[in-house]
Amino acid sequence: MSTDLHRAELLPADALREKRLGISVSDSPDLHRLGLLDTHFRMTLGELTRTVIIGGGSLFYGGHLQSDGITSFLIEELHRYGRRDRPLKVCLAWTIHRSLTAEQIAEQKDFLGLFGDIVFLSEDGDRLDGPHNDPPQQEFTADERAKSLSGLRNYMTNNTDARIVLGGKRAGFEGAMPGIVEEVLLSLKHRQPLYLAGGFGGATIDIVRALRPSYAEWLPTAEADKDQRDQRLIDGLDALKTMAETQKWDGYENALSDDDNKLLAASYRPSEIAALVGKGLGHLFKE
(Lines give C-alpha, C1' and ligand atoms only; values in the text may rest on other atoms or scores of the structure.)
Protein backbone atom coordinates (compact mmCIF):
# COMPACT_ATOMS: atom_id res chain seq x y z
CA MET A 1 0.00 0.00 0.00
CA SER A 2 1.51 3.32 -1.02
CA THR A 3 2.10 6.36 1.15
CA ASP A 4 -0.49 8.27 -0.87
CA LEU A 5 -3.07 5.59 -0.17
CA HIS A 6 -2.21 5.71 3.53
CA ARG A 7 -2.91 9.44 3.50
CA ALA A 8 -6.13 8.96 1.55
CA GLU A 9 -7.46 6.51 4.15
CA LEU A 10 -6.84 8.71 7.19
CA LEU A 11 -10.04 9.73 8.92
CA PRO A 12 -11.18 13.33 8.54
CA ALA A 13 -11.57 15.41 11.67
CA ASP A 14 -14.71 14.54 13.69
CA ALA A 15 -15.46 11.36 11.70
CA LEU A 16 -15.56 9.50 15.03
CA ARG A 17 -17.17 12.21 17.14
CA GLU A 18 -19.01 10.65 20.11
CA LYS A 19 -17.73 7.19 19.13
CA ARG A 20 -15.97 5.12 21.76
CA LEU A 21 -13.31 2.66 20.65
CA GLY A 22 -12.01 -0.03 22.94
CA ILE A 23 -8.43 -1.12 22.45
CA SER A 24 -7.33 -4.60 23.53
CA VAL A 25 -3.55 -4.72 23.52
CA SER A 26 -0.68 -6.38 25.35
CA ASP A 27 2.81 -7.49 24.44
CA SER A 28 3.07 -10.31 21.91
CA PRO A 29 5.26 -13.38 22.52
CA ASP A 30 5.81 -13.71 18.75
CA LEU A 31 7.80 -10.53 18.10
CA HIS A 32 11.22 -12.22 18.12
CA ARG A 33 9.94 -15.09 15.98
CA LEU A 34 8.67 -12.58 13.42
CA GLY A 35 11.86 -10.52 13.41
CA LEU A 36 10.08 -7.54 14.95
CA LEU A 37 10.92 -5.29 17.88
CA ASP A 38 8.82 -3.78 20.62
CA THR A 39 9.48 -0.48 18.82
CA HIS A 40 7.42 -1.68 15.84
CA PHE A 41 4.63 -2.70 18.19
CA ARG A 42 4.61 0.68 19.96
CA MET A 43 4.74 2.56 16.65
CA THR A 44 1.61 0.74 15.54
CA LEU A 45 -0.14 1.51 18.79
CA GLY A 46 0.83 5.16 18.33
CA GLU A 47 -0.56 5.24 14.78
CA LEU A 48 -3.83 3.67 15.92
CA THR A 49 -4.11 6.19 18.75
CA ARG A 50 -3.56 9.03 16.30
CA THR A 51 -6.24 7.66 13.96
CA VAL A 52 -8.86 7.58 16.71
CA ILE A 53 -7.88 10.88 18.34
CA ILE A 54 -7.67 12.90 15.12
CA GLY A 55 -10.99 11.36 14.05
CA GLY A 56 -12.61 12.82 17.18
CA GLY A 57 -13.21 9.51 18.97
CA SER A 58 -12.58 8.38 22.53
CA LEU A 59 -10.21 5.55 23.34
CA PHE A 60 -11.00 3.13 26.18
CA TYR A 61 -8.16 1.07 27.58
CA GLY A 62 -8.21 -1.29 30.55
CA GLY A 63 -4.81 -1.53 32.14
CA HIS A 64 -2.66 -0.26 34.96
CA LEU A 65 -0.77 2.93 35.80
CA GLN A 66 2.82 1.69 35.73
CA SER A 67 5.26 4.26 34.37
CA ASP A 68 6.67 1.94 31.69
CA GLY A 69 3.33 0.48 30.59
CA ILE A 70 0.93 1.01 27.73
CA THR A 71 -1.19 3.53 29.67
CA SER A 72 1.78 5.88 29.97
CA PHE A 73 2.59 5.40 26.31
CA LEU A 74 -0.97 6.33 25.31
CA ILE A 75 -0.85 9.43 27.48
CA GLU A 76 2.42 10.51 25.87
CA GLU A 77 0.83 10.09 22.44
CA LEU A 78 -2.06 12.32 23.49
CA HIS A 79 0.38 15.00 24.61
CA ARG A 80 1.74 14.95 21.05
CA TYR A 81 -1.64 15.43 19.38
CA GLY A 82 -2.98 18.03 21.77
CA ARG A 83 -6.66 17.12 22.23
CA ARG A 84 -7.67 18.39 25.65
CA ASP A 85 -11.21 17.07 25.98
CA ARG A 86 -10.10 13.92 27.84
CA PRO A 87 -10.37 11.46 24.92
CA LEU A 88 -8.55 8.66 26.79
CA LYS A 89 -10.50 6.62 29.34
CA VAL A 90 -8.19 4.51 31.48
CA CYS A 91 -10.38 1.86 33.09
CA LEU A 92 -8.97 0.30 36.25
CA ALA A 93 -10.12 -3.05 37.58
CA TRP A 94 -10.92 -3.16 41.28
CA THR A 95 -7.79 -5.14 42.19
CA ILE A 96 -5.61 -2.67 40.26
CA HIS A 97 -6.73 0.60 41.84
CA ARG A 98 -7.30 -1.06 45.21
CA SER A 99 -3.57 -1.79 45.37
CA LEU A 100 -2.55 1.85 44.79
CA THR A 101 -1.96 4.58 47.33
CA ALA A 102 -3.86 7.86 47.19
CA GLU A 103 -0.59 9.56 46.24
CA GLN A 104 -0.02 7.20 43.29
CA ILE A 105 -3.53 7.82 41.99
CA ALA A 106 -3.20 11.60 42.39
CA GLU A 107 0.10 11.54 40.50
CA GLN A 108 -1.48 9.72 37.57
CA LYS A 109 -4.47 12.06 37.53
CA ASP A 110 -2.03 14.96 37.27
CA PHE A 111 -0.18 13.21 34.45
CA LEU A 112 -3.42 12.65 32.56
CA GLY A 113 -4.51 16.25 33.08
CA LEU A 114 -6.93 17.31 30.35
CA PHE A 115 -6.01 14.35 28.15
CA GLY A 116 -7.98 11.65 29.90
CA ASP A 117 -10.00 10.29 32.80
CA ILE A 118 -9.44 7.38 35.13
CA VAL A 119 -12.49 5.15 35.50
CA PHE A 120 -12.53 3.28 38.82
CA LEU A 121 -14.51 0.04 38.80
CA SER A 122 -15.97 -2.20 41.48
CA GLU A 123 -15.21 -5.90 41.67
CA ASP A 124 -18.33 -6.50 39.55
CA GLY A 125 -17.36 -3.89 36.95
CA ASP A 126 -19.68 -1.10 38.08
CA ARG A 127 -18.33 2.44 37.83
CA LEU A 128 -17.44 3.99 41.17
CA ASP A 129 -17.58 7.68 42.06
CA GLY A 130 -13.84 7.70 42.68
CA PRO A 131 -10.97 5.75 44.16
CA HIS A 132 -11.10 3.98 47.51
CA ASN A 133 -10.13 5.78 50.70
CA ASP A 134 -8.78 2.73 52.51
CA PRO A 135 -5.13 1.73 52.88
CA PRO A 136 -3.94 -0.12 49.76
CA GLN A 137 -4.40 -3.87 49.62
CA GLN A 138 -1.60 -5.95 48.10
CA GLU A 139 -2.90 -9.51 48.38
CA PHE A 140 -5.87 -10.84 46.43
CA THR A 141 -7.12 -14.33 45.74
CA ALA A 142 -7.04 -15.71 42.20
CA ASP A 143 -10.84 -15.61 42.15
CA GLU A 144 -10.88 -11.95 43.19
CA ARG A 145 -8.44 -11.04 40.42
CA ALA A 146 -10.35 -13.02 37.79
CA LYS A 147 -13.71 -11.56 38.85
CA SER A 148 -12.48 -7.96 38.85
CA LEU A 149 -10.82 -8.38 35.43
CA SER A 150 -14.00 -9.86 33.99
CA GLY A 151 -15.92 -6.94 35.48
CA LEU A 152 -13.51 -4.52 33.78
CA ARG A 153 -13.92 -6.25 30.42
CA ASN A 154 -17.69 -6.25 30.70
CA TYR A 155 -17.67 -2.53 31.48
CA MET A 156 -15.50 -1.75 28.47
CA THR A 157 -17.63 -3.82 26.12
CA ASN A 158 -20.83 -2.21 27.36
CA ASN A 159 -19.38 1.28 26.92
CA THR A 160 -17.68 1.06 23.52
CA ASP A 161 -18.85 0.87 19.92
CA ALA A 162 -16.07 -1.24 18.37
CA ARG A 163 -12.84 -2.93 19.44
CA ILE A 164 -9.28 -2.82 18.07
CA VAL A 165 -7.16 -5.86 18.96
CA LEU A 166 -3.37 -6.15 18.87
CA GLY A 167 -0.84 -8.66 20.27
CA GLY A 168 -1.78 -10.52 23.43
CA LYS A 169 -0.31 -12.95 25.95
CA ARG A 170 -0.68 -16.72 25.69
CA ALA A 171 0.76 -17.39 29.15
CA GLY A 172 1.23 -15.59 32.45
CA PHE A 173 -2.31 -14.22 32.48
CA GLU A 174 -4.85 -14.08 35.29
CA GLY A 175 -8.37 -15.34 34.88
CA ALA A 176 -10.25 -18.05 33.08
CA MET A 177 -8.58 -17.25 29.74
CA PRO A 178 -6.17 -14.70 28.24
CA GLY A 179 -7.54 -11.19 28.62
CA ILE A 180 -7.70 -10.41 24.91
CA VAL A 181 -9.55 -13.67 24.23
CA GLU A 182 -12.12 -12.85 26.92
CA GLU A 183 -12.53 -9.32 25.56
CA VAL A 184 -13.17 -10.61 22.03
CA LEU A 185 -15.60 -13.20 23.39
CA LEU A 186 -17.59 -10.40 25.03
CA SER A 187 -17.50 -8.41 21.79
CA LEU A 188 -18.99 -11.36 19.92
CA LYS A 189 -21.67 -11.76 22.58
CA HIS A 190 -22.64 -8.10 22.14
CA ARG A 191 -22.27 -8.19 18.34
CA GLN A 192 -19.52 -5.58 18.44
CA PRO A 193 -17.37 -4.98 15.32
CA LEU A 194 -13.73 -6.07 15.64
CA TYR A 195 -10.50 -4.95 14.00
CA LEU A 196 -8.07 -7.83 14.47
CA ALA A 197 -4.53 -6.64 13.68
CA GLY A 198 -2.74 -9.98 13.63
CA GLY A 199 0.61 -9.07 12.11
CA PHE A 200 2.36 -9.07 15.49
CA GLY A 201 1.11 -12.55 16.35
CA GLY A 202 0.20 -13.32 19.94
CA ALA A 203 -3.32 -14.13 21.06
CA THR A 204 -4.70 -11.92 18.27
CA ILE A 205 -3.52 -14.25 15.50
CA ASP A 206 -4.85 -17.21 17.52
CA ILE A 207 -8.23 -15.49 17.55
CA VAL A 208 -8.03 -14.82 13.82
CA ARG A 209 -7.18 -18.49 13.25
CA ALA A 210 -10.18 -19.54 15.34
CA LEU A 211 -12.64 -17.24 13.54
CA ARG A 212 -11.26 -17.06 9.98
CA PRO A 213 -8.59 -19.78 9.53
CA SER A 214 -7.70 -18.75 5.98
CA TYR A 215 -6.65 -15.30 7.22
CA ALA A 216 -3.96 -16.82 9.45
CA GLU A 217 -2.27 -19.18 7.01
CA TRP A 218 0.72 -16.84 6.73
CA LEU A 219 1.86 -17.80 10.28
CA PRO A 220 1.92 -21.54 11.01
CA THR A 221 1.50 -22.48 14.65
CA ALA A 222 4.92 -23.14 16.18
CA GLU A 223 5.43 -26.74 17.31
CA ALA A 224 6.49 -25.50 20.74
CA ASP A 225 3.24 -23.57 21.05
CA LYS A 226 1.22 -26.68 20.24
CA ASP A 227 2.86 -28.58 23.08
CA GLN A 228 2.88 -25.82 25.69
CA ARG A 229 -0.39 -23.95 25.16
CA ASP A 230 -2.31 -23.27 28.33
CA GLN A 231 -5.54 -25.26 28.44
CA ARG A 232 -7.37 -22.05 29.36
CA LEU A 233 -6.26 -20.56 26.02
CA ILE A 234 -7.50 -23.61 24.13
CA ASP A 235 -10.83 -23.51 25.95
CA GLY A 236 -11.15 -19.77 25.33
CA LEU A 237 -10.57 -20.15 21.58
CA ASP A 238 -13.11 -22.97 21.46
CA ALA A 239 -15.59 -20.68 23.25
CA LEU A 240 -14.98 -18.04 20.56
CA LYS A 241 -15.83 -20.49 17.79
CA THR A 242 -18.99 -21.58 19.58
CA MET A 243 -20.05 -17.99 20.27
CA ALA A 244 -19.51 -16.96 16.65
CA GLU A 245 -21.59 -19.90 15.43
CA THR A 246 -24.34 -19.31 17.98
CA GLN A 247 -24.54 -15.55 17.41
CA LYS A 248 -23.96 -15.85 13.65
CA TRP A 249 -21.54 -12.97 14.18
CA ASP A 250 -17.76 -13.24 14.13
CA GLY A 251 -16.84 -9.57 14.49
CA TYR A 252 -15.77 -9.17 10.89
CA GLU A 253 -18.91 -7.19 10.15
CA ASN A 254 -16.69 -4.13 10.44
CA ALA A 255 -17.19 -2.33 7.07
CA LEU A 256 -13.94 -3.73 5.65
CA SER A 257 -13.80 -6.07 2.67
CA ASP A 258 -12.52 -9.64 2.96
CA ASP A 259 -9.28 -8.56 1.31
CA ASP A 260 -8.90 -5.66 3.75
CA ASN A 261 -9.49 -7.89 6.77
CA LYS A 262 -7.08 -10.49 5.44
CA LEU A 263 -4.42 -7.79 5.03
CA LEU A 264 -5.15 -6.47 8.52
CA ALA A 265 -4.62 -9.99 9.86
CA ALA A 266 -1.11 -10.13 8.42
CA SER A 267 0.33 -6.63 8.22
CA TYR A 268 3.05 -5.43 10.60
CA ARG A 269 3.35 -1.97 9.01
CA PRO A 270 2.08 0.70 11.43
CA SER A 271 0.72 3.09 8.81
CA GLU A 272 -0.96 0.29 6.86
CA ILE A 273 -2.68 -1.08 9.96
CA ALA A 274 -3.86 2.37 11.00
CA ALA A 275 -5.10 3.10 7.47
CA LEU A 276 -7.12 -0.12 7.36
CA VAL A 277 -8.66 0.47 10.79
CA GLY A 278 -9.38 4.08 9.88
CA LYS A 279 -11.02 3.02 6.63
CA GLY A 280 -13.24 0.53 8.44
CA LEU A 281 -14.24 2.92 11.20
CA GLY A 282 -14.94 5.68 8.71
CA HIS A 283 -17.35 3.49 6.74
CA LEU A 284 -18.81 1.83 9.84
CA PHE A 285 -19.88 5.11 11.43
CA LYS A 286 -20.61 7.06 8.29
CA GLU A 287 -23.95 8.80 8.60
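Preceding block: the structure.
Okay, so let's go over this structure. Every chain is numbered independently, its residues counted from 1 as its sequence is written. Predicted model: local features are reported for residues with pLDDT of at least 70 only, side-chain atom pairs are reported and counted for 80 or more only, and whole-chain, interface and lining totals are derived from all residues. As a rule here, side-chain values cover all heavy atoms of the structure and leave hydrogens and water aside.

1. Observations regarding the environment of aspartate 124
Examined against the element boundaries, aspartate 124 turns out to sit in the loop between strand 4 (116-120) and helix 6 (142-158). In this description, contact between two residues means that some pair of their heavy atoms is separated by no more than 4.5 Å. Leave out the neighbours within four places in its chain, and aspartate 124 touches Lys147 and Gly151. For aspartate 124, the side chain forms a polar contact with the side chain of lysine 147, separated by 3.2 Å. Per the convention used, a helix needs a DSSP run of H or I reaching at least four residues, while a strand needs a run of E reaching at least two, with both numbered from the N terminus. The term polar contact refers here to a pair of N or O atoms within 3.5 Å; inside protein, the definition further demands a hydrogen-donor-capable atom paired with an acceptor-capable atom, and it admits residues adjacent in sequence only when both atoms are side-chain atoms.

2. Things to note about the pairing of strand 3 (residues 88-92)
Within strand 3, 5 of the 5 residues are buried, leaving the element largely enclosed by the surrounding structure. Throughout, exposure labels follow a simple rule: accessible area from a 1.4 Å probe, protein chains only, divided by the maximum for the residue type, with under 20% read as buried, over 50% as exposed, and the rest as partly exposed. With burial as the criterion, each face of strand 3 is covered, one bearing Leu88, Val90 and Leu92 and the other bearing Lys89 and Cys91. Pairing analysis gives 4 bridges linking strand 2 (residues 58-62) to strand 3, with the strands arranged parallel. Paired with leucine 59 across the two strands is leucine 88, which belongs to strand 3. Paired strands, in this sense, are two strands between which DSSP finds at least two bridges.

3. A few points about the environment of aspartate 206
Here aspartate 206 shows up in helix 8 (residues 202-211). In the structure, aspartate 206 is positioned 10 residues away from leucine 196 in sequence and 10 Å away in space, judged by C-alpha atoms.

4. So, the packing of aromatic side chains
Any two of the Phe, Tyr and Trp rings considered here, Trp counted by its six-membered ring, make a pair once their centres fall within 6.5 Å; the pair's planes then place it as stacked at under 30 degrees, edge-to-face at over 60, or tilted in between. Throughout the structure, instances matching the rule amount to 3 aromatic pairs. Between phenylalanine 41 and phenylalanine 200, the aromatic rings sit 5.6 Å apart at their centres with planes inclined by 90°, giving edge-to-face as the arrangement. Of the two residues, phenylalanine 41 is situated in helix 2 (residues 38-54) and phenylalanine 200 in the loop between strand 6 (194-197) and helix 8; the sequence distance between them amounts to 159 residues. When the ring of tryptophan 94 is compared with that of phenylalanine 140, the centres are 5.6 Å apart and the planes differ by 70°; the resulting orientation is edge-to-face. Taken together, the residues tryptophan 94 in helix 4 (residues 94-97) and phenylalanine 140 in the loop between strand 4 and helix 6 connect sequence positions 46 residues apart. A relative accessible area of 18% means that tryptophan 94 is categorised as buried. For phenylalanine 140, a relative accessible area of 11% puts it in the buried group. Here the guanidinium or amino end of arginine 42 rests over the ring plane of phenylalanine 73, the centre of that ring lying 5.4 Å away. We count a charge as sitting over a ring when the NZ of a lysine or the CZ of an arginine lies within 6 Å of the ring centre and within 35 degrees of the ring normal.

5. Thoughts on the pattern of salt bridges
In what follows, salt bridge is the name for a side-chain nitrogen of Lys or Arg lying within 4 Å of a carboxyl oxygen of Asp or Glu. Counted according to the given criterion, the structure contains 21 salt bridges. The salt bridge involving aspartate 14 is made with arginine 17; its shortest N-O contact spans 2.9 Å. Since its relative accessible area comes to 44%, aspartate 14 is described here as partly exposed. Through salt bridges with shared partners, a single network forms among Asp30, Arg33, Arg170, Asp206 and Arg209.

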